[in-house]
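Letter by letter, the chains look like this.
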Amino acid sequence: MTTIKSEPQSVLILGAGSDIAFACAGLWAKEGKHILLAGRNTSELDRRAADLKVRYQASVSVHLFDARKFDSHETFYQSLPYRPDIVLCAFGYLGDQAKACHDFEEALNIMESNYTGAVSILNIVAADMIQRKSGGIIGISSVAGERGRMSNYHYGSAKAGFTAYLSGLRNRLAHEGLRVMTVKPGFVRTRMTEGLPLPAPLTATAEKAGKDIVQAWKKKKDVLYTLWMWKWVMWIIRNIPEFVFKKLKL
Ligand SMILES: NC(=O)c1ccc[n+]([C@@H]2O[C@H](COP(=O)([O-])OP(=O)(O)OC[C@H]3O[C@@H](n4cnc5c(N)ncnc54)[C@H](OP(=O)(O)O)[C@@H]3O)[C@@H](O)[C@H]2O)c1
């Protein structure tokens, strides 16, 4: 039987401008982990790094990373000051579904920001972790990936691809004694959903989602729904017969 490695000490956050990711960063910083914040907007990340340093006396560094610049990913990863023990892949782009239907650039942005970009960087991360025989990966996918809906099937299909990728990667890395956790948030109140009319009982704060993620990783979960009731909401949605589903306006 393969054994799981001990609790890691440094965390790379890809898409660290994410509100959910930053909530996780705060909790890990509090535990004394070194935090590597990576994203496109480094001046915002510098501000967030300063905040973590003041609040938790944390060790934090900031790194430029664009999920869509595939050619830069190897150099980005090799240039990090530490080999990360946990990688949180948090970047994502909801996009504009109506626009994506007739503007392929928008569709491509959605696909690359939620799927292709993640595959590109996580393949590099996984190869390194396998070679080191150490590390673990957390990917933030979405419940939107569980069934295509007319209101967001570009985003949903990209997240479906990412969920399947994470499942396969988990299967592969389990044979190396390494872990992969898939996170499936329902609604979370963040910059991504700003201004959207979200139902309060089914909507988490970024802080709640972050806490759920950090706890679920400690509990060695494979798949996390946050909030928890989304597991059952999606069970119902997945089981609606197609002849009924196609007539709904979801
Ligand atoms: N909020 C929800 O209801 C919800 C539900 C299900 C799943 N999710 C998923 O949860 C994750 C975190 O999202 P969030 O809600 O925390 O939203 P958020 O605050 O808008 O964060 C999304 C982050 O992704 C980054 N990003 C987008 N494209 C990128 C690229 N090409 N390269 C690097 N970074 C890129 C953005 O960077 P910039 O700061 O540079 O724009 C932003 O920091 C995403 O994967 C999202 O799809 C969210």
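How each quantity is defined
- Numbers given for residues are sequential positions, taken from 1 along each chain in its written order.
- Since the coordinates come from a predicted model, pLDDT governs what is reported: local features require at least 70, and pairs of side-chain atoms require 80 or more to be given and counted, while whole-chain, interface and lining totals use all residues.
- Values shown for side chains rest on all heavy atoms present in the structure; no hydrogens or waters enter the calculation.
- Only runs of H or I of at least four residues qualify as helices and only runs of E of at least two qualify as strands under DSSP, and these elements are numbered from the N terminus.
- Two things to know: the radius of gyration comes from C-alpha atoms, and the globule rule equals 2.2 Å times the number of residues to the power 0.38.
- Summary of the burial criterion: residues with accessible area below 20% of their type's maximum are buried, those above 50% are exposed, and those between are partly exposed, where the area comes from a 1.4 Å probe applied to protein chains only.
- Residue contacts follow a heavy-atom distance rule, with two residues in contact if any of their heavy atoms lie within 4.5 Å.
- Computed with a 1.4 Å probe, the accessible areas rest on the Shrake-Rupley method; for each residue, only the protein chains presented here act as cover.
- Only residues whose relative accessible area exceeds 30% and that take part in no salt bridge are eligible for patches, with like-charged residues grouped when within 9 Å of each other and nonpolar side chains (Val, Leu, Ile, Met, Phe, Trp, Tyr) grouped when within 5 Å.
- Each salt bridge in this description consists of a side-chain nitrogen of Lys or Arg and a carboxyl oxygen of Asp or Glu lying within 4 Å of one another.
- For this description, a residue counts as near a given molecule or strand if any of its non-hydrogen atoms is within 4 Å of it.
- For the purposes of these results, a polar contact is taken to be a pair of N or O atoms within 3.5 Å, where, inside protein, one atom must be able to donate a hydrogen and its partner to accept one; residues adjacent in sequence count only when each atom of the pair is a side-chain atom.
- Each residue gets one of three labels, nonpolar for Ala, Val, Leu, Ile, Met, Phe, Trp, Tyr, Cys and Pro, charged for Asp, Glu, Lys and Arg, and polar for the others, Gly among them.
- Every axis corresponds to a line fitted to the C-alpha atoms, with the helix fit spanning only the stretch in contact, and the corresponding angles, defined between N-to-C directions, vary from 0 to 180 degrees.
- Any angle that is under 35 degrees is reported as roughly parallel, and any over 145 degrees as roughly antiparallel; angles of 65 to 115 degrees are reported as roughly perpendicular and all others as oblique.
- Helix crossings are classified by the rotation of the near helix relative to the far one: an anticlockwise turn of less than a right angle makes the crossing left-handed, while a clockwise turn makes it right-handed.
- Aromatic pairing here means that ring centres of Phe, Tyr or Trp (its six-membered ring) are within 6.5 Å. Orientation follows from the plane angle: under 30 degrees is stacked, over 60 is edge-to-face, and everything else is tilted.
- A ring is considered to have a charge above it if a Lys NZ or an Arg CZ atom is located within 6 Å of its centre and within 35 degrees of its normal.

Asker: Any details on the overall build of the protein chain? Residues and values, ideally.
Answerer: Broken down by element type, the protein chain carries 9 helices and 9 strands. Taking 18 Å as the expected radius of gyration for a compact globule of 250 residues, we find that the protein chain reaches 18 Å, a close match to that expectation. Taken along the three principal axes of its C-alpha coordinates, the protein chain extends 50 × 45 × 35 Å. Across the 250 residues that make up the protein chain, the buried fraction comes to 52%. Considering only contacts within the protein chain whose residues lie at least 6 apart along the sequence, 71% involve residues at least 24 apart. Split by element, the accessible area of the protein chain, about 12,300 Å² in all, is 57% carbon and sulfur.

Asker: Give a description of a nonpolar patch on the surface that names residues and reports values.
Answerer: Taken together, the side chains of Trp228, Trp232, Trp235 and Ile236 present a nonpolar region at the surface, about 540 Å² in accessible area. Among the secondary structure elements, Trp232 is positioned in helix H8 (residues 230-239).

Asker: Describe the site of the ligand, and please don't skip the residues or the numbers.
Answerer: Among the 25 residues in the neighbourhood of the ligand, the closest are listed as Ser18, Ala67, Tyr155, Val188 and Thr190. Within the side chain of Arg40, a nitrogen or oxygen atom sits 2.9 Å from an oxygen atom of the ligand. Contact distances for the ligand include 3.4 Å between an oxygen atom and a backbone N or O atom of Met192. Protein contacts shield 93% of the accessible area of the ligand, which totals 890 Å² for the unbound molecule. When residues of the shell around the ligand are traced back to their parent elements, those giving at least two are helix H1 (19-30), helix H6 (153-174) and strand S7 (187-189). Class assignment of the residues belonging to the shell around the ligand gives a composition of 11 nonpolar, 8 polar and 6 charged.

Asker: Can you break down unusual backbone geometry residue by residue, with the values?
Answerer: With an omega dihedral of -5 degrees, the bond running from Thr226 to Leu227 counts as a cis peptide bond. Position of Leu227 relative to the elements: it lies in the loop between strand S9 (223-226) and H8. Of note, the phi angle at Lys220 is positive, near 60 degrees, even though the residue is not glycine. Turning to its location among the elements, Lys220 is positioned in the loop between helix H7 (206-218) and S9. Overall, Lys220 belongs to the partly exposed group, its relative accessible area being 44%.

Asker: Outline the packing of H1 against H7, listing residues and values.
Answerer: Between two packed helices, what matters for the description is the angle formed by their axes and the separation of those axes. Packing of H1 against H7 leaves a shortest axis separation of 8 Å and a crossing angle of 55 degrees. Comparing their axes, H7 and H1 come out oblique. Pair H1 / H7 crosses with right-handed handedness. On H7, the residues that touch Asp19, Ile20, Ala23, Cys24, Leu27 and Trp28 of H1 are Ala206, Glu207, Ala209, Gly210, Lys211, Ile213 and Val214. Tallied by class, residues from the contact of H1 with H7 come to 9 nonpolar, 1 polar and 3 charged.

Asker: How would you explain the packing of aromatic side chains if you had to name every residue and give the values?
Answerer: Counted under the stated rule, the structure contains 3 aromatic pairs. Measuring from ring centre to ring centre gives 5.7 Å for Phe65 and Phe91, while their planes differ by 45 degrees; the resulting arrangement is tilted. Of this pair, Phe65 sits in the loop between strand S3 (60-64) and helix H3 (73-78) while Phe91 sits in the loop between strand S4 (86-89) and helix H4 (97-100), and the two are 26 residues apart along the sequence. We note that Phe65, like Phe91, is buried. Among the aromatic residues, those joined into a ring-pair cluster are Phe65, Phe76 and Phe91. A cation over an aromatic ring shows up here: Arg83 above the ring of Tyr77, its NZ or CZ 4.8 Å from the ring centre. Positioned above the aromatic ring of Phe245, the side-chain terminus of Arg147 is 3.8 Å from the ring centre.

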